[in-house]
Amino acid sequence: MNKGIYRIAAGVGAVVILVSSCTVQASMVTTNGTPAAVATDSIVNWPAAPAVTSETAVLMDADTGAILYDKGMDEYRYPASTTKLMTLLVAIENSSPKDIVTFTETGVRDVTWDSSNINAQLGESMTMKDCWFAAYIKSANEVCAQIAEYVGGTEANFVDMMNQKLAELGCSESHFENPSGLNGDTQNVSAYDMAKIACAAFQNEKLLEISSSVSHEVGPTTNNPNGFTVRQEHRLVITEDTASEFYCPEAVAGKTGYLLKAGNTLVTYGEKDGRRLVSVILKGSPRQYFLDGKALLQFGFDRFQNVGIAENETRYVTGEEAVDIGGTSYNPADLMVEEGKVVTLPEEASFGDAELSLEALPEGAPANAVALLQYVYNERKVGQAYLLDKTIQVPAETEPSGGEAAEPGTEDGSGETGSAAQEPEDTEEPTETASVDPEKTDGRFSLKLPKAVIPGVILAVLAALGAGLWMVWIRKRRREEAEAAARRRERRRQRLMEEGPEAAAEFNRLLEEKKNRSQGRGHRR
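Residues numbered from 1 in each chain as written. Predicted model: local features only at pLDDT ≥ 70, side-chain atom pairs only at ≥ 80, totals over all residues. Heavy atoms only, no water.

Undergrad: Would you explain the environment of Ala37 in this entry?
TA: Secondary-structure assignment places Ala37 in the loop between helix H2 (15-26) and strand S1 (56-61). Along the primary structure Ala37 and Lys71 are separated by 34 residues, whereas in three dimensions their C-alpha atoms are 5.6 Å apart. Ignoring any residue separated from it by four or fewer positions in sequence, one finds Ala37 in contact with Asp70, Lys71 and Gly72. (Helix = DSSP H or I, 4+ residues; strand = E, 2+ residues; numbered from the N terminus. Contact = heavy atoms within 4.5 Å.)

Undergrad: I tried to follow the side chain of Lys294 on my own but got confused; where do I start?
TA: Summarising the element assignment, Lys294 is placed in helix H11 (residues 288-303). Here Lys294 is in contact with Leu236, Ser244, Glu245, Tyr247 and Cys248, once residues within four sequence places are set aside.

Undergrad: I would appreciate a short explanation of the packing of helix H5 (residues 128-136) against helix H9 (residues 205-212) in the present structure.
TA: When two helices pack together, their arrangement is given by the angle between their axes and by how far apart the axes lie. Look at H5 against H9: their axes get within 10 Å of each other, and the N-to-C directions meet at 50 degrees. Judged on the interaxial angle alone, H9 and H5 are oblique. Handedness of the crossing formed by H5 with H9: right-handed. Contacts between H5 and H9 involve Trp132, Phe133 and Tyr136 on the former and, on the latter, Lys206, Leu207, Glu209, Ile210 and Ser211. Classifying every residue of the contact of H5 with H9 gives five nonpolar, one polar and two charged. (Axes fitted to C-alpha atoms, helices over the stretch in contact; angles between N-to-C directions. Parallel < 35°, antiparallel > 145°, perpendicular 65-115°, else oblique. Left-handed = near helix turned anticlockwise from the far one by under 90°. Nonpolar A, V, L, I, M, F, W, Y, C, P; charged D, E, K, R; others polar.)

Undergrad: When you look at the packing of helix H6 (residues 141-152) against helix H7 (residues 155-168) in this model, what are you seeing that I'm missing?
TA: Between H6 and H7, whose axes approach to 7 Å, the crossing angle comes to 85 degrees. With respect to H7, the element H6 is oriented roughly perpendicular. Contacts from Ala145, Ala148, Glu149, Val151 and Gly152 of H6 reach H7 at Glu155, Asn157, Phe158 and Met161. For the contact of H6 with H7, the residue count by class is five nonpolar, two polar and two charged.

Undergrad: Would you mind going over the nonpolar core with me for this structure?
TA: Side chains of nonpolar character tend, in soluble globular proteins, to be buried together. Within the largest apolar cluster, 59 residues are counted, with the highest numbers of intra-cluster contacts made by Leu85, Val143, Ile147, Phe202, Leu207 and Val280. In this structure Val143 touches Phe103, Ile118, Cys131, Ala134 and Ala135, once residues within four positions along its chain are discounted. Ranked by size, the runner-up nonpolar core spans 43 residues in total, among them Trp46, Cys248, Phe304 and Ala349. (Core = buried A, V, L, I, M, F, W, Y, C linked by side-chain atoms within 4.5 Å. Buried < 20%, exposed > 50% of the residue type's maximum accessible area, 1.4 Å probe, protein only.)

Undergrad: I tried to follow the packing of aromatic side chains on my own but got confused; where do I start?
TA: One pair of aromatic rings is described through two measures. These are the centre distance and the angle between the planes. Under the criterion given, the structure shown has seven aromatic pairs. Note on Trp46 and Tyr377: the rings are 6.1 Å apart at their centroids and 45 degrees apart in plane angle, and the pair reads as tilted. Of this pair, Trp46 sits in the loop between H2 and S1 while Tyr377 sits in strand S18 (residues 369-377), placing them 331 residues apart in sequence. Accessibility assignment for this pair places Trp46 and Tyr377 in one class, buried. Aromatic side chains Phe299 and Phe304 sit 5.4 Å apart centroid to centroid with 85 degrees between the ring planes, which places their arrangement in the edge-to-face category. Pairwise contacts between aromatic rings join Trp46, Phe299, Phe304 and Tyr377 into one cluster. Note that Lys255 overlies the ring of Tyr136, its terminal NZ or CZ placed 5.6 Å from the centroid. (Phe/Tyr/Trp six-rings, centres within 6.5 Å; stacked < 30°, edge-to-face > 60°. Lys NZ or Arg CZ within 6 Å of the ring centre and 35° of its normal.)

Undergrad: Looking at this structure, I do not really get the sheet that holds strand S11 (residues 275-284). What am I missing?
TA: Either a parallel or an antiparallel arrangement is found when strands of a sheet pair, and the pairing is made through backbone hydrogen bonds. The five strands are arranged S2-S1-S11-S10-S9 in an open sheet whose pairing can be described as antiparallel. The open sheet terminates on both sides in strands that have one partner only, identified here as strand S2 (67-71) and strand S9 (251-259). Averaged over neighbouring strand pairs, the angle between their axes works out to 5 degrees when direction is ignored. Strands S9 and strand S10 (263-272) of the sheet are contacted by H9, whose axis makes an angle of about 70 degrees with S9. (Pairing = 2+ DSSP bridges.)

Undergrad: Would you take a moment to explain unusual backbone geometry for this structure?
TA: Peptide bonds are, in most cases, trans, and in most cases residues other than glycine have a negative phi. The backbone of Ala80 shows a phi angle near 55 degrees, a positive value even though the residue is not glycine. Take Ala80: it is sitting in the loop between strand S3 (76-77) and helix H3 (84-93). On the basis of relative accessible area, Ala80 is assigned to the buried category, the value being 1%. Phi at Asn378 is positive, roughly 50 degrees, even though this residue is not glycine. Structurally, Asn378 is set in the loop between S18 and strand S19 (380-389). Residue classification places Asn378 among the partly exposed residues on the basis of a relative accessible area of 31%.

Shown next as C-alpha cells:
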C-alpha cells in the first residue's frame with residue numbers, strides 16, 4: 001500500500017483500535033519491581049534454564065513460535081528504545097531509502113539532554129536511509145519523531161500505524177504511545193509481544209541489515225557537510241574478542257534500550273545451524289542484561305532441536321483406508337504435509353513425543369489446505385503445518401509489480417545492500433485538470449466546457465475540497481502534538497524536581513542551550 005493511501009487509512013480506520021487499546025492498557029499495566037516466576041520450569045521433561053535476573057524475559061524459536069523460556073512473558077513493562085523495532089518496521093514498509101526528510105519542530109523538540117539524539121537542527125535534511133540508521137543504531141529519538149511525521153503525515157497518525165501493525169501480528173498485550181520508546185502512560189509491552197515484533201522485524205531484510213550493522217556513515221547534511229558516524233551499541237552483536245564475557249557468535253542483530261523506569265531492555269536475534277531464535281529482556285540491570293540475553297540464546301541452541309514435520313508425520317498421508325477430516329473423506333495418497341515446517345523439541349525428545357491435534361483452518365490458509373496439524377509437547381505448543389490436498393491445483397503466485405517487494409540489492413552501485421532494486425518514484429498521482437477559455441457574452445462572464453470534461457472538473461473540485469479538509473485536520477493534530485509535547489516537558493521537569501533541585505537546574509540549563517543552538521549554532525556531532 002503506498003504512503004498516501006496508508007496515511008488516510010491510518011487517520012480514519014485506526015481510531016477505534018487506538019481508543020480501545022488505550023482504555024484497556026491504561027488499566028492493566030503491571031507495576032515494575034518484582035521479578036516474575038519462570039513458568040517453563042514447571043514443564044515436565046523441559047530442560048533446566050539458566051538463571052536470568054531481569055524482571056521478565058522470553059526465548060522464542062523464530063521458525064515455530066515455540067516458547068523455550070517464559071519468565072512473566074505476558075506481564076507489561078516499559079519497552080524503552082526496543083520500541084524502535086516497530087518504528088523501523090512500519091517506516092521501512094511505507095517509505096523509500098531515497099526519500100529526503102527535513103526536520104521540523106516535531107523532530108527538534110525532542111533534542112534534550114536526557115533524550116538520545118543526533119542534535120538535529122530545524123530545517124536540516126537527511127535521506128530516509130540515513131534516518132533509519134540514526135534512529136536505530138544511534139537510537140536518536142528526534143529522528144524517530146521526524147520519520148513518524150514524514151511517513152504518517154503526523155506523529156499521531158504514525159503511532160496509529162504502529163498499533164495497527166501490533167494487531168496484524170497478533171500482539172494483544174502491548175500498546176505504543178510514541179515512536180521513540182520514551183515512557184508514557186500507555187507505552188508498554190509484554191516480552192511475548194516484543195518477541196513477535198522482533199520475529200517480524202528480522203524477516204525484513206532491510207531492517208535486518210540495519211540492526212546487524214556495526215556502524216553507518218551518515219551522508220553530508222546542511223550542518224554536517226562531512227557527514228558523521230553512528231555506531232552499534234548491542235555488545236553481543238559487536239564483540240569479536242573471544243575472551244570477552246560478551247562474546248556471542250550466535251548473536252546477529254538486536255536492539256538495546258534504557259530508561260529509569262524501564263531499566264535495561266534488550267532484544268537479540270541469533271542464528272546457528274539453520275535455526276533462528278529471539279530473546280527478550282525487560283527491566284534488566286546494567287551489563288547483566290547482555291549476559292542474560294546471551295545465556296538464553298545459548299540455552300536455546302544447546303538444549304533444543306528442530307525436527308521436520310513432513311519427514312516424520314505419517315498419519316493421514318499413508319495407508320489404504322480413507323480418512324475423515326471435518327466430515328469429508330480423503331484418500332491418504334491425495335494428501336501431503338506442508339514442507340519446510342518443523343517442531344521445536346528438547347534435545348532428548350523425539351518427534352513421536354509431540355501430541356498431534358487437527359485444528360480448523362485459520363484465515364489466510366492455502367487454498368488446498370484441509371486442516372491445520374498442531375503439535376504440543378507437555379502442554380506447550382511447539383509447531384504446526386498444513387495438511388494439503390494434492391489434487392487441488394493452486395495458482396502460482398505472481399511477482400509483485402513496482403518496487404514495493406523488490407528483491408534487495410545495490411541502491412546506487414555502491415555495493416550496499418538492503419534497499420529495493422527499484423525504488424518507486426512519487427506514488428501520488430497528479431490531479432488531472434482541464435483548461436478552458438473564458439469569453440464574454442452580453443457583458444457577463446461565461447464558461448463553456450465540453451461534456452466529457454465536466455466529470456473531471458467535478459472530481460478536481462472534490463479533490464481540492466478533500467485536500468483542504470485534510471490540511472485543516474493536520475494543522476489541528478500538529479497543534480495538539482505541540483500541546484502534548486509541552487505537557488511532557490512539564491512532567492519531565494516535575495520528575496526532576498522530585499529527584500532534587502540540582503537535576504531540575506541542569507535540565508533547564510541544557511534546554512536553554514538547545515534553544516540557543518537552534519537559533520544559529522552549527523550542528524555539533
